[in-house]
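# Structure assessment
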Amino acid sequence: MRGAKDQIVTPLRVLSIGTSLSIVLIVVALISLSMGPAKVSLVDILSWCAGMGSVDETASMILAKIRLPRILLAGLVGFTLSLGGVVFQVLLRNPLAEPFILGISSGAAIGAIGGIVLGLGFTVGVPLLAFLSALGTILLVMGISSRHGGLESSTLLLTGVIVNAFFTAIIMFFIATASDSRLHSMLFWLYGDLSQSKYIQLSICLPLVLIVSGVIYLFSRHLNLIVGGEQSALHMGVEVELVKWVSFIGISLITGVVVSFSGIIGFVGLIVPHLMRMILGPDHRVLLPASALGGAVFLIAADTVARTIISPSELPVGVITAFLGAPFFIYLLKKRGSQWTQD
Amino acid sequence: MDAGLKLKAVSFSYDAQWCLKGIDFELKGGELVGMIGPNGSGKSTLLRIMDGLLKADNGLVLLLNRPISTLRRHEVAKQIAMVPQETIFRFAFTVLEVVLMGRFAHRGLFPFEGKEDLEIARESMRLTGILDLERRSIHELSGGEKQRMLIARALTQKAQFILLDEPTSQLDIRHKVEIFELISSLARSQGFGAMVVSHDISLAAQYCHRMLLLNKGRICGIGAPDEVVTTDTISEVYQCPVLVDKNPITQTPRVTVLSRRAENNTATKPLRW
């Protein structure tokens, strides 16, 4: 009889996986910090991080004011979208689910593009409008789909898809009638743009993301039980409706906040959860932190490519997430299967 | 052990259509009750009312002398476990992981199981004979093994009552018998009260202490198997001609379905018995 340790999820296992992924995250962030039009060697980056000054003033400015906040925001956005992807896939019982599927993306986009049309700034005006319209959209979708206080997955999904389609039509109208100068900003926003990252955005996002992910983590066993069906989860003592409402609202809230600063970055919330499930298995006590950290790593890497590959110009990061992510995902899918069983 | 799971004059309706009417019943510790009745007679609804998932429109459901509607889900789950007909797990958890899920209601917010939980889960798996499957992915289990796993998960809940919703409907005869054997011996050894919904009337009659016959939302028979399962009541309630005689070995009622052809035969020439 083998020992119990390697069979069930223990705090130690979660901690060791979390620590290894955090180390990868730090390494990727340091490499990303060294890359860009102004070359700074990794050694210099390390000494700069340690507070020793072998880096000249301009480079130090670039690192502190431009690259670092951008890397941190990319990490936070990737973290949030992947975490949301895991939760939405389980609660909606759908492998295609990601945090945008209930209409948050098009909802935020309406606000952002409205803001761009009105000529608002990217520091306050555009993000604020994007966040408010994202929040309005998710409340609308949940309001339409709730019946007798319950949220039924397929109704919720269909409502989200329809609302998305409706808003996309409005977005296309704005794009078709936009002037060339604004068109560029709009398209970049729609495919994800991290070039406007500031520390102030981080200080808004970070506390919210931490609180919501903490609450979601306390639900990790609830989510495991919900995988076996909502009925049987209820029989085992899970307050399923409570878990659903809190999770949908919490995830939507943090997705809305990060998206209002980053624009729509697709694919992260879809593939990272699947990748992690293929590699680490379905237990959410491991899967939630692993996906969140994995999402941060993935988006930092993708954004580094986006801002360096055609330097001095940039690509929208969403282009890179799909371009790099899709082939890798297909490879793993062929090799390991989706890990989803159909009924 | 007076504090059972009691239903007092329970009625329930879906969209103004009566589904259950005037149900009085008590499930006691240590007994095995078989619930039978035609499709649509309200068996599953009654089970869900007993588990507090549906709220009765009239009447009371008392769990250990407290109205079940005042209890939270995790409080109910410590007293009542459910073995569903079938559970679809989208992802490949292992057998041990699924059985451990039964401990959910006993843990607080700290999301990890302790040594004690593991011992209880292993003991349940030993009792159901699946201890050597613990590392197996649930997608690799046969129908009988899956049912045993779900029973083990219910045992892990350490509940006083276990409700089983057609646990044998997907199984062949050998596995049907094995599951009934298992439930009845567990109810005796562990002392929980069990209610099993089944369409295998003869088999249920062999193992159950009492039978409950449901028809159109009303109880139309409750008591010892040979009082409830008779030619007249079963033929009438199921609207299907049957013959009930005694199983020559167990002396419990045995149901033989009479095909239309057999019926015609009886009409023309008298049966030999």
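Residues numbered from 1 in each chain as written. Chains lettered and ligands numbered in written order. Predicted model: local features only at pLDDT ≥ 70, side-chain atom pairs only at ≥ 80, totals over all residues.

## Details of the overall build of chain A
On a plain count of helices and strands, chain A comes out with 14 helices and 2 strands. On the principal axes, the C-alpha backbone points of chain A span a range of 65 × 60 × 35 Å. The buried share of chain A, reckoned over its 343 residues, is 47%. A sequence separation of at least 24 residues applies to 75% of the contacts in chain A between residues at least 6 apart. (Helix = DSSP H or I, 4+ residues; strand = E, 2+ residues; numbered from the N terminus. Buried ≥ 20, exposed ≤ 12 C-beta atoms within 10 Å, placed from the backbone. Contact = placed C-beta atoms within 7 Å.)

## Quick word on the sheet that holds strand S1 (residues 5-14) of chain B
All names here are of chain B. Reading across the sheet, the 4 strands line up as S2-S1-S4-S5 and stay open at both edges, with antiparallel pairing between neighbours. Both outer strands of the open sheet, strand S2 (17-27) and strand S5 (66-67), are each paired with one neighbouring strand and no more. The pairing of S1 with strand S4 (residues 58-63) spans 5 bridges and is antiparallel. The partner of Ser11 across the bridge, within S4, is Asn58. (Pairing = 2+ DSSP bridges.)

## What about the sheet that holds strand S7 (residues 161-165) of chain B?
Residues and elements named next belong to chain B. In space, the 6 strands of this open sheet follow the order S6-S7-S8-S3-S9-S10, with mixed pairing throughout. Among the strands making up the open sheet, the edge pair consists of strand S6 (80-83) and strand S10 (218-223). Direction aside, the axes of adjacent strands within the sheet are offset by 20 degrees on average. Bridge count between strand S3 (residues 32-36) and strand S9 (residues 210-215): 4 bridges; the pairing is parallel. Opposite Gly34, over in S9, you have Met211 as the bridge partner. (Axes fitted to C-alpha atoms, helices over the stretch in contact; angles between N-to-C directions.)

## With respect to the pairing of S1(B)
All names here are of chain B. As judged from the 7 bridges shared by S1 and S2, these two strands associate in the antiparallel manner. Bridge pairing links Leu7 to Phe25 in S2. Once S1 ends, the chain turns through 2 residues before running back antiparallel as S2, passing Asp15 with a positive phi of about 45 degrees.

## Topic: unusual backbone geometry
Residues and elements named next belong to chain B. One non-glycine residue, Leu64, adopts positive backbone phi at about 45 degrees. In this fold, Leu64 is placed in the loop between S4 and S5. Given 14 C-beta atoms within a 10 Å radius, Leu64 is considered partly exposed.

## So, the confidence of the model for chain B
Averaged over all residues, the pLDDT of chain B equals 88, while 94% of them reach at least 70. Here the predicted complex carries an ipTM of 0.87, next to a pTM of 0.88. (pLDDT = per-residue confidence, 0-100.)

## Quick notes on the interface of chain B and chain A
With 30 residues of chain B in contact, the opposing surface of chain A contributes 31 residues. Going through the elements one at a time, helix H2 (73-77), S6 and helix H3 (95-100) of chain B are the ones with two or more residues in the side of chain B that touches chain A.

## Quick look at the confidence of the model for chain A
Residues and elements named next belong to chain A. Of all residues in chain A, 96% have pLDDT values of 70 or greater, and the mean over the chain is 88. By mean pLDDT, the top-scoring element of chain A is helix H13 (residues 284-308) (95), and the lowest-scoring one is strand S2 (residues 150-151) (80). Counted against residues more than four places away or in other chains, residues 1-5, with its pLDDT under 50, gives 2 contacts.

## Here we look at the pairing of S9(B)
Residues and elements named next belong to chain B. Sheet topology note: the S9/S10 ladder contains 5 bridges and is antiparallel. The residue of S10 that forms the bridge with Met211 is Gly223. Here S9 folds back onto S10 in antiparallel fashion, the turn holding 2 residues, of which Lys216 has a positive phi close to 50 degrees.

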